[in-house]
Amino acid sequence: MRIAWLPLLAAIAIALGITANPRWLADSAGHADHWAAMALFWAMSAGFVRGVGFMPHLPPLRWLLSGTACGVGVLLALWRLG
């Protein structure tokens, strides 16, 4: 299994970005958007799992922790916050 650089770099960027500025997960009124946070943390988790080269054996977990899932989570968070 090889390192998948794009999901790994996305996960690192999400982790650093949310640590540096947690207000990115707030809506326009300043309230925490829990759905956006869940989507972004799912993307971060999937990015780290797939990025280091791990691929689960069970198909549902393989999809939930894939590079595609990382991208879907980021898009969902952007849609929710946008």
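What you see is a predicted model, and the numbers here were worked out from it, not measured in a lab.

Asker: Before we go on, may I ask you to explain the nonpolar core in this structure?
Answerer: As a rule of thumb, soluble globular proteins bury nonpolar side chains together. Ranked by size, the top nonpolar core spans 13 residues in total, and within it Ile-14, Ile-18, Leu-25 and Leu-40 carry the most contacts. Put simply, the parts of the chain that give this core at least two residues each are α1 (5–20), α2 (34–51) and α4 (67–81). With 6 residues, the single largest contributor to this core is α2. When near neighbours in sequence (up to four residues on either side) are disregarded, Leu-40 contacts Ile-14, Ile-18, Leu-25, Gly-73, Val-74 and Ala-77.

Asker: Before we go on, may I ask you to explain α1 in this structure?
Answerer: The α-helix winds at 3.6 residues per turn, so residues separated by three or four positions along the chain end up facing the same way. Taking 1.5 Å of rise per residue, 16 residues should cover 22 Å, and α1 covers 22 Å from first to last C-alpha, within 8% of that figure. Every buried residue of α1 is listed here: Pro-7, Leu-8, Ala-11, Ile-14, Gly-17 and Ile-18. Where the residues of α1 are buried, they touch α2 and α4.

Asker: How should I be thinking about the packing of aromatic side chains in this particular structure?
Answerer: The way to describe two aromatic rings as a pair is by their centre distance and the angle between their planes. Scanning the entire structure with this criterion turns up 1 aromatic pair. With a centroid separation of 5.9 Å and 45° between ring planes, the pair formed by Trp-42 and Trp-63 is classed as tilted. Of this pair, Trp-42 sits in helix α2 while Trp-63 sits in helix α3 (residues 59–64), placing them 21 residues apart in sequence. Note on Trp-63: relative accessible area 43%, which makes it partly exposed.

Conventions we followed
- Residues numbered from 1 in each chain as written.
- Predicted model: local features only at pLDDT ≥ 70, side-chain atom pairs only at ≥ 80, totals over all residues.
- Heavy atoms only, no water.
- Core = buried A, V, L, I, M, F, W, Y, C linked by side-chain atoms within 4.5 Å.
- Buried < 20%, exposed > 50% of the residue type's maximum accessible area, 1.4 Å probe, protein only.
- Helix = DSSP H or I, 4+ residues; strand = E, 2+ residues; numbered from the N terminus.
- Contact = heavy atoms within 4.5 Å.
- Expected span 1.5 Å × (residues − 1).
- Phe/Tyr/Trp six-rings, centres within 6.5 Å; stacked < 30°, edge-to-face > 60°.

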